[in-house]
Amino acid sequence: MIIIIILFAAMGMLIGVVSGFFGVGGGFILTPILLLLGTEPIPAITISLLYTIGTSLSGAFAHFKMKNVKWKEASIIALSGMAATQAANPLVYSLNNNGYDETVIPFALILILSYFAWSLLVFKKKNTLNTRKPVKKWAFVFLVIIGVFGGFLSALLGVGGGFIIVPLLISIGGFYPKHAIGTSLLSVLFIVSTGFITYFIKSPIDLSAGAILLAGGLAGAQAGAFLTGKYKHAEMRFMLGMLYLFTALSMVLKLFGLDVIGMAILCLFLGFLYIKMLLKWIGKRKKTRSF
């Protein structure tokens, strides 16, 4: 039992680092991992939303201190996203009652993750951060659409919505990655809180696993947010795109019954990501001491 608690806390912390670093809540990684481990879709969604509440709160606070949060934009996204979660919830239960949830939800994750991997890794060649101008004329409508889209998929897939909100703010809204991340984390906090309460009222579950994951995630999100200061915008964009790509690949393998291989590939890439972050942090510390 103690070993399981340690493993869940460690997993929560590691996912939390990614959450704080990219401003994505962590659910888009945790939900696939829980599905790969054999958890039923609705409990997996509920646990992921609970986890994302904690990591979003922790990460948003860290980015607030670094002045990366745009409050007006975050408020618009949050309000529209909270409303959208209520539209997605009945759809998930309908899929569950008809036995389609274990196929449709992973497939939807694959489509969404693949699109955003493309938008960050390929589309950036045509619209670089240096030439892309922020949306101004239709800014309010644009933010509402992002909130609705993020909130709907948040409740449908058990993700924070940040993995959708962040790349849209960057690629279309013209936000710098650090500002997109901070703004996303604050809006996601309200979106996932609404989604979690709705699911838990309808389908109460044992939250002990989620609490253990969350305990680790709170510490990890702070560390991840701190590490954003060590990277350039373009480098963060590329890393996020690759993370989407490998997570989508793990879900493709799940659909073909290759859950173990999918988990191994995702863990290997995450391991590479953590080593890269660690080496970057060590390198920065050495440079600082040399001065």
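Every value quoted in this text rests on a predicted model; they were computed, and no experiment measured them.

### Considerations on the confidence of the model for the chain
Looking at the chain as a whole, the pLDDT averages 78, with 88% of positions reaching at least 70. For the chain, helix 11 (residues 259–290) is the element with the lowest average pLDDT, namely 76, and helix 8 (residues 177–202) is the one with the highest, namely 86. This stretch, residues 126–131, has a pLDDT under 50; its non-local contacts, to residues over four places away or in other chains, come to 8 contacts.

### Examining empty space enclosed by the protein
Applying the stated criterion across every chain, the model contains 1 cavity of 30 Å³ or more. By volume, the largest cavity is sized at about 50 Å³. What lines the largest cavity is Phe22, Val166, Ile170, Pro177, Ile181, Met236, Arg237 and Leu240. Residue assignment for the lining of the largest cavity shows that the elements contributing at least two residues are helix 7 (162–171), helix 8 and helix 10 (233–255). At 3 residues, helix 10 tops the list of elements feeding residues into the lining of the largest cavity.

### Section: the packing of aromatic side chains
Summed over the entire model, instances satisfying the criterion amount to 6 aromatic pairs. Relative to tryptophan 71, the ring of phenylalanine 64 has its centre 5.8 Å away and its plane inclined at 80 degrees; by these criteria the two rings are edge-to-face. Of the residues examined, tryptophan 71 reaches a relative accessible area of 48% and is grouped as partly exposed. An angle of 40 degrees between the planes, with centres 5.9 Å apart, marks the rings of tyrosine 115 and tryptophan 118 as tilted. Of this pair, tyrosine 115 and tryptophan 118 both sit in helix 5 (residues 101–121), separated by 3 residues, roughly a single helical turn. A relative accessible area of 41% means that tyrosine 115 is categorised as partly exposed. Ring-pair connections join several aromatic residues into one group, and the members of that group are Phe246, Phe269 and Phe272. Stacked on the ring of phenylalanine 175, the Lys or Arg lysine 70 has its end atom at 6.0 Å from the ring centre.

### Looking at helix 10
Spanning 23 residues, helix 10 covers 34 Å between terminal C-alpha atoms, matching the ideal 33 Å at 1.5 Å per step. Two residues or fewer past helix 10, glycine 257 is found with a positive phi of approximately 80 degrees.

### Description of the side chain of threonine 46
Its location among the elements puts threonine 46 in helix 3 (residues 41–65). Judged by relative accessible area, which is 0%, threonine 46 ranks as buried. Non-local contacts of threonine 46, meaning those with residues more than four positions away in its chain, are made with Phe196, Tyr199 and Ile205.

Parameters at a glance
- Residues numbered from 1 in each chain as written.
- Predicted model: local features only at pLDDT ≥ 70, side-chain atom pairs only at ≥ 80, totals over all residues.
- Heavy atoms only, no water.
- pLDDT = per-residue confidence, 0-100.
- Helix = DSSP H or I, 4+ residues; strand = E, 2+ residues; numbered from the N terminus.
- Contact = heavy atoms within 4.5 Å.
- 1 Å grid on protein atoms, 1.4 Å probe; cavity = no way out; pocket = protein on both sides within 12 Å on 5 of 7 lines; lining within 4 Å.
- Points joined across faces, edges and corners; volume = space filled by probe spheres on them.
- Phe/Tyr/Trp six-rings, centres within 6.5 Å; stacked < 30°, edge-to-face > 60°.
- Buried < 20%, exposed > 50% of the residue type's maximum accessible area, 1.4 Å probe, protein only.
- Lys NZ or Arg CZ within 6 Å of the ring centre and 35° of its normal.
- Expected span 1.5 Å × (residues − 1).

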